[in-house]
Amino acid sequence: MLVLDNLKVAVGDTNILNGFSLTVGAGEVHALMGPNGSGKTTLGRALAGHPAYTVSGRAEFMGRDLLTLDPETRANLGLFVSWQYPVEVPGVANAEFLRLAYNAKAKSSGKPEIAIKDFPPFLVQKIAESQVPPDYADRMLNAGMSGGQKKRNEILQLHVLEPTLAVLDETDSGLDIDALKSVAAAINAYRRADRSVILITHFQRLLDLVKPDRIHVLGQGRILHSGGPELAAKLERDGYDWIIRG
Amino acid sequence: MSDEPYKYGFSTAVEAVTLGRGLTEDTVRAISAARNEPAFLLKFRLKAFALFQKMKEPEWAHVTYPPIDYQNIQYFSAHKSAANSKPTYNSIDEVPPEILETFAKLGIPLDEQRRLSGVAVDAVFDSVSIATTHQQKLYDAGVIFCSFSEAVHQFPALIERWLGSVVPVADNYFAALNSAVFSDGSFVYIPPFTRCPLELSTYFRINNTDAGQFERTLIIADEGAYVSYLEGCTAPQSSKHQLHAAVVELVTLDRAEIKYSTVQNWYAGDKETGEGGVYNFVTKRGACRGVNSKISWTQVETGSAITWKYPSCILQGDGSIGEFYSVALTNGHMQADTGTKMIHLGKNTRSTIISKGIAADVSTNVYRGLVQIQRNAAGARNYTSCDSMLVGKRCEAHTYPYVDVQRADAVVEHEASTSKLSEDQLFYFRSRGISQEDALQAIVSGFCKDVLDVLPLEFAAEARKLLTLKLENSVG
Ligand SMILES: Nc1ncnc2c1ncn2[C@@H]1O[C@H](COP(=O)(O)OP(=O)(O)O)[C@@H](O)[C@H]1O
Ligand SMILES: [Mg+2]
């Protein structure tokens, strides 16, 4: 599904990722961990096609060369990168944004678009699936939401868009205990044999709820260490130092 | 789309008859004579001209431009066929085909087969009104909607009674100039207890880029009458500046209502150099003379190199209502200084001001408003909300809300906000599969919703597209 080979990401003259390689197969969950500033968010944003980054190396998604595609094409191909700090857009209704995004994807994949009048019941169903409060249908797009509410709003988008690969960037940070459980349940509800997840997180508690197949530790611009789910407990106990120092 | 920043920038090759350049009392007399005007109108013009000569161009607005050479402007320009002593065309068959084609290209077909069905249109090409559609249907309802010059001949008593009654000849420099040299425009009279059966619309087109445009609009809604009126404007692309100094006067009598909407898209000058573009110095004012009457201004300002315009309401009748809904978008080197005045004279008068300013590139966008509650205006209320959106780091937005309250019981509320349209917002949309164009449209429509919602439906979609297109050129 996703093949990253010797990926280099730079902002101006600064290399942030340098030789990052990772393969994600269909149905798999990969956790990506690593110290602050190691480049986890950068990876997600570079995959999404943010114009600030210069990217080289190989990035293949669903058999296509990601690096040649513009951001909207990547999204409509089934790549979803949640934001660590979702941006506020005052004046734009959440529901309107979701409908535009849903229809953009439907249109690009040759499926019927959903009419304005049919969208509210569809949204009600998606709100239930993603376990967010019902008033998310009436909110503005992230404007006036708390940090945790914005994170949950990304999970609502995940359920509306049903991407093939979801890169979730610290979605668990800033959530209260109940919200964390809801978000984990919503991620599990999204999972299917043909859908994959890259979970960027600092905490074992999320990985206890959403079981990863592999855990990777990022440092020095690439993956320094990989392991199975048991690695989470060790990292929780010993931190990253033993990996970074080598 | 982005390689076509101003699609109305074409000009039409027509043979124009002008009075040449320059402004003297003789020019004023010649304009009046060319239109066979009655004596009262010549007197009105000469009085205005005498006062104009003693006045100074205003300097208080937040705009800068090189001095205008008023002697280097043509004050009258008409197509050859219209200028031979006749003030207007008798029927659409007399209008030269290239002019009809111009309006068709602008999306305003005037001929019977293609004209807009729900809207009656008066089309003004340079100084002359070309055609007014749906005349019969309006006539059956008792509504008068015709070019100003036609009204001068057919309804001189109405013109003499109301012209200058809201905007006195010496109100300000540009109004005085307009009163002296105005050429054509529209006249509307809605008889008592009549709801105008169609939207009325005037479309102004500057074609001759050496000519100034000085149109005059007068709308009277008699007791219990209602009318919705829309004004649209474009001009060809030119490296020279063109002066547009219009005056619009509205009057509502008891329980009457006028809804006046503008979509202004004059040529704004070269986006990179700021060369050329229209100077839009306009005086618009409405008087709610009657009790419980209402005047509502809605404007979507997207063009002109410089805009200087404050559509205002004089709330004289007890219980009268004034509204001002405005979107002003500036990009390139545009400068807009726009807003409103709400003058509360009568008891229980109410006013609402909703202003949305969008500034991009190196433009300047100013809201300037006055809310005045005078001594006898018991129970007067105003609500003002001014929002600015900045696109990029090199533009400026300012708000100058002046408040002059002469009573203790007045309720005056003011809210203001400034936001930024960021690259991250656009990327957020794109990373969810939404194209930049749709993203801009959603963001701009959201920001301007309160204003676009009050535009007549046919024009709201048009305005939304126009705003999106302009911004697209600025975010690249
Ligand atoms: N747009 C940018 N411009 C300059 N530096 C950046 C930019 N984005 C990220 N960085 C730098 O790249 C490094 C990795 O950041 P980030 O990907 O946010 O790390 P993480 O998500 O792992 O905490 C940091 O040193 C950060 O300062
Ligand atoms: Mg991060």
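Let us look at the structure shown here.

### Some points on the overall build of chain A
Then, in step 1: Broken down by element type, chain A carries nine helices and twelve strands.
Then, in step 2: Since a compact globule built from 246 residues should have a radius of gyration of about 18 Å, the 18 Å found for chain A is in line with a globular shape.
Then, in step 3: For chain A, the spread of C-alpha atoms along the principal axes amounts to about 55 × 40 × 35 Å.
Then, in step 4: Expressed as a percentage of the 246 residues in chain A, the buried residues total 54%.

### Quick word on the overall build of chain B
Then, in step 1: When helices and strands are counted, chain B shows eleven helices and 23 strands.
Then, in step 2: With 476 residues in all, chain B has 63% of them scored as buried.
Then, in step 3: The contacts of chain B with a sequence gap of at least 6 include a subset with a gap of at least 24, amounting to 83%.
Then, in step 4: Split by element, the accessible area of chain B, about 17,500 Å² in all, is 49% carbon and sulfur.

### Here's the deal with the site of ligand 1
Residues and elements named next belong to chain A.
Then, in step 1: As a matter of local geometry, ligand 1 sits amid Val11, Ile16, Pro35, Asn36, Gly37, Ser38, Gly39, Lys40, Thr41, Thr42 and Tyr53.
Then, in step 2: Note that an oxygen atom of ligand 1 is positioned 3.3 Å from one of the backbone N or O atoms of Ser38.
Then, in step 3: Protein chains bury 57% of the 570 Å² of accessible surface belonging to ligand 1 in isolation.
Then, in step 4: If you tally residues by element for the shell around ligand 1, the top one is helix α1 (residues 40-48), at three residues.

### Looking at the coordination of the magnesium ion (ligand 2)
Residues and elements named next belong to chain A.
Then, in step 1: For the magnesium ion (ligand 2), every protein donor is listed as Thr41 (OG1) and Gln84 (OE1), and the spread of their distances is 2.0 to 2.1 Å. Placement of the pair is Thr41 in helix α1 and Gln84 in the loop between β6 (79-81) and β7 (89-93), with a sequence separation of 43 residues.
Then, in step 2: Assessed through its relative accessible area of 15%, Gln84 is described here as buried.

### A word on the packing of helix α5 (residues 147-161) of chain A against helix α6 (residues 177-190) of chain A
Residues and elements named next belong to chain A.
Then, in step 1: Between α5 and α6, the least distance of the axes is 10 Å, while the angle of their chain directions is 15°. Taken together, the axis directions place α5 and α6 in an arrangement best described as roughly parallel. Classified by chirality, the crossing of α6 by α5 is left-handed. Contacts between α5 and α6 involve Arg152, Ile155, Leu158 and His159 on the former and, on the latter, Ala179, Ser182, Val183, Ala186, Ile187, Ala189 and Tyr190.
Then, in step 2: Within the contact of α5 with α6, the residues separate by chemical class into eight nonpolar, two polar and one charged.

### Here's the deal with the interface of chain A and chain B
Then, in step 1: The interface is formed by 30 residues belonging to chain A together with 15 residues belonging to chain B.
Then, in step 2: Contact between chain A and chain B buries roughly 1,900 Å² in total, counting both sides, with carbon and sulfur atoms accounting for 67%.
Then, in step 3: Considering only the surface of chain A that becomes buried against chain B, Glu72, Trp83 and Phe97 of chain A emerge as the three largest contributors, covering 27% of it.
Then, in step 4: In this structure, the salt-bridge partner of Glu154 of chain A is Arg432 of chain B, at a minimum N-O distance of 2.9 Å.
Then, in step 5: Remark: the boundary between chain A and chain B carries eleven residue pairs in polar contact (both at pLDDT 80 or more).
Then, in step 6: Put simply, the parts of the chain that give the side of chain A that touches chain B at least two residues each are α1, α2 (71-76), β6, β7, α3 (94-108) and α5 of chain A.
Then, in step 7: Of the residues that constitute the side of chain A that touches chain B, the class distribution is 18 nonpolar, seven polar and five charged.

### Here's the deal with a nonpolar patch on the surface
Then, in step 1: Taken together, Val403, Val405 and Val412 of chain B make up a surface patch of nonpolar side chains, about 200 Å² in accessible area.
Then, in step 2: With respect to the helices and strands, Val405 of chain B occurs in strand β22 (residues 396-405).

### Describing the environment of Arg432 of chain B
Then, in step 1: Summarising the element assignment, Arg432 of chain B is placed in the loop between α9 (423-430) and α10 (436-452).
Then, in step 2: Residue classification places Arg432 of chain B among the buried positions, given a relative accessible area of 2%.
Then, in step 3: Contacts of Arg432 of chain B, omitting those with residues within four sequence positions, involve Ala75, Phe80, Val81, Ser82, Trp83, Phe97, Ala101, Glu154, Gln157 and Leu161 of chain A.
Then, in step 4: Of the polar contacts made by the side chain of Arg432 of chain B, one reaches the backbone oxygen of Val81 of chain A; its length is 3.0 Å.
Then, in step 5: Only 3.4 Å separates the side chain of Arg432 of chain B from the side chain of Ser431 of chain B, close enough to count as a polar contact.

### Focus: the state of the cysteines
Where two cysteines share a covalent bond between their sulfur atoms, that bond is called a disulfide.
Residue and element names in this part refer to chain B.
Then, in step 1: A complete count under the given rule lists zero disulfides over all chains for this structure.
Then, in step 2: Cys146 supplies the cysteine sulfur nearest to Cys196, a cysteine that is in no disulfide, at a spacing of 13 Å.
Then, in step 3: Not part of a disulfide, Cys288 finds its nearest cysteine sulfur in Cys313, a span of 5.7 Å.

### Focus on the pattern of salt bridges
Then, in step 1: Following the criterion strictly, the structure yields 30 salt bridges over all chains and no others.
Then, in step 2: A salt bridge links Arg285 of chain B to Asp171 of chain B; the nearest nitrogen and oxygen atoms lie 2.8 Å apart. One end of the pair, Arg285 of chain B, is in strand β13 (residues 277-288); the other, Asp171 of chain B, is in the loop between α7 (156-162) and α8 (173-181), with 114 residues separating them in the sequence.
Then, in step 3: Residue Asp171 of chain B is classed as partly exposed on the basis of its relative accessible area of 29%.
Then, in step 4: Connected through shared salt-bridge partners, Lys126, Glu129, Glu162 and Arg195 of chain A make up one network.

### A word on the sheet that holds strand β9 (residues 165-169) of chain A
Residue and element names in this part refer to chain A.
Then, in step 1: The mixed open sheet is built from six strands, whose spatial order is β6-β9-β10-β3-β11-β12. Only two strands of the sheet have a single neighbouring strand rather than two, namely β6 and β12 (222-227). Pairwise comparison of adjacent strand axes, ignoring direction, gives a mean angle of 20° for this sheet.
Then, in step 2: Sitting on the sheet, α5 is in contact with β6 and β9, with an inclination near 175° to β6.

### Observations regarding the pairing of strand β3 (residues 119-125) of chain B
Residues and elements named next belong to chain B.
Then, in step 1: Taking burial as the measure, the seven residues of β3 include seven buried ones, the bulk of the element.
Then, in step 2: As paired strands, β3 and strand β7 (residues 199-205) are joined by seven bridges and run parallel to one another. Bridge pairing in β7 links Ala120 to Leu200.

### Regarding α1 of chain A
Within an α-helix, residues lying three or four positions from one another point in the same direction, as the helix has 3.6 residues per turn.
All names here are of chain A.
Then, in step 1: Among the nine residues in α1, eight count as buried, and that is most of the element.
Then, in step 2: Taken as a whole, α1 has its buried residues at Lys40, Thr42, Leu43, Gly44, Arg45, Ala46, Leu47 and Ala48.
Then, in step 3: In the segment just after α1, Gly49 is the residue with positive phi, at about 100°.

### Digging into the nonpolar core
In globular proteins that are soluble, nonpolar side chains generally tend to be buried together.
Then, in step 1: The biggest cluster of nonpolar side chains holds 94 residues, and the ones touching the most others in it are Phe20 and Leu199 of chain A together with Ile358, Phe429 and Leu471 of chain B.
Then, in step 2: Among the elements that take part in this core, α10 of chain B stands out by supplying nine residues, more than any other.
Then, in step 3: Those residues within four positions of Phe20 of chain A in sequence are excluded, and the remaining contacts are Leu4, Asp5, Asn6, Leu7, Leu32, Leu43, Leu218, Gly221, Arg222 and Ile223 of chain A.
Then, in step 4: Formed by 51 residues, the second largest nonpolar core is a distinct cluster that contains Ile144, Tyr189, Ala305 and Trp308 of chain B.

### Notes on the sheet that holds strand β4 (residues 54-61) of chain A
All names here are of chain A.
Then, in step 1: Strand order in the open sheet formed by four strands is β2-β1-β4-β5, and the pairing between neighbours is antiparallel. In this open sheet, the two strands that pair with only one neighbour each are β2 (14-24) and β5 (64-65).
Then, in step 2: In the sheet, strand β1 (residues 2-11) pairs with β2 via eight bridges, with the strands oriented antiparallel. Within β2, the position partnered with Val11 by the bridge is Thr14.
Then, in step 3: Packing against the sheet, α1 makes contact with β1, β2 and β4, and its axis sits at approximately 105° to β1.

### Remarks on the side chain of Gln372 of chain B
Residues and elements named next belong to chain B.
Then, in step 1: As for its position among the elements, Gln372 is in strand β20 (residues 364-373).
Then, in step 2: A polar atom in the side chain of Gln372 sits 2.8 Å from the side chain of Asp404.
Then, in step 3: The residues touching Gln372, leaving out its near neighbours within four places in the chain, are Met342, Ile343, His344, Asp404 and Gln406.

Rules of the game
- Going along each chain's sequence as written, the residues are numbered from 1 onward.
- Going through the entries in the order they are written, you letter the chains from A and number the ligands from 1.
- Local features in this predicted model are restricted to residues whose pLDDT is 70 or higher, and side-chain atom pairs enter the listing and the counts only when it is 80 or higher, whereas totals over whole chains, interfaces and linings include all residues.
- Only hydrogens and water are removed before side-chain values are computed, so all heavy atoms of the structure are retained for them.
- Each helix is a run of H or I in the DSSP string that is no shorter than four residues. Each strand is a run of E no shorter than two, and both are numbered from the N terminus.
- The globule rule is 2.2 Å times the number of residues to the power 0.38, and the radius of gyration it is compared with is taken over C-alpha atoms.
- Partly exposed describes any residue whose relative accessible area lies between the buried limit of under 20% and the exposed limit of over 50%, with all areas from a 1.4 Å probe on protein chains only and scaled to the type maximum.
- In what follows, residue pairs with any heavy atoms lying within 4.5 Å of each other are defined as contacts.
- What sets the accessible areas is the Shrake-Rupley method with a 1.4 Å probe; for residues, cover comes only from the shown protein chains.
- One heavy atom within 4 Å of a molecule or strand makes the whole residue count as near it.
- A 3.5 Å cut-off defines polar contacts: any pair of N or O atoms within that distance qualifies, except that in protein one atom must be a possible hydrogen donor and the other a possible acceptor, and neighbouring residues in sequence count only when both atoms are side-chain atoms.
- Note that water is not among the atoms considered, so a metal site may appear incomplete; the donors listed are N, O and S atoms within 2.8 Å of the metal, with 3.2 Å applied to Na, K and Ca.
- To obtain an axis, a line is fitted to C-alpha atoms, over the contacting stretch when the element is a helix, and the angle between two such axes runs from 0 to 180 degrees between their N-to-C directions.
- Working definition: roughly parallel below 35 degrees, roughly antiparallel above 145 degrees, roughly perpendicular at 65 to 115 degrees, and oblique for all remaining angles.
- Note: crossing handedness is left-handed where the near helix turns anticlockwise from the far helix by less than a right angle, and right-handed where it turns clockwise.
- Three residue categories are used. Nonpolar comprises Ala, Val, Leu, Ile, Met, Phe, Trp, Tyr, Cys and Pro, charged comprises Asp, Glu, Lys and Arg, and polar comprises the others, including Gly.
- Throughout, buried area stands for the accessible area (probe radius 1.4 Å) lost by two parts on being put together, summed over both.
- A side-chain nitrogen of Lys or Arg and a carboxyl oxygen of Asp or Glu constitute a salt bridge if their distance falls within 4 Å.
- Nonpolar side chains (Val, Leu, Ile, Met, Phe, Trp, Tyr) are joined into patches within 5 Å and like charges within 9 Å, using only residues with over 30% relative accessible area and no salt bridge.
- The rule for a disulfide is simple: a pair of cysteine sulfur atoms within 2.5 Å.
- Pairing between strands is defined by DSSP: at least two bridges between the two strands are required.
- By nonpolar core we mean a set of buried residues, namely Ala, Val, Leu, Ile, Met, Phe, Trp, Tyr and Cys, connected to one another through side-chain atoms within 4.5 Å.

Remember that the coordinates give geometry; whether it matters functionally is a separate question.
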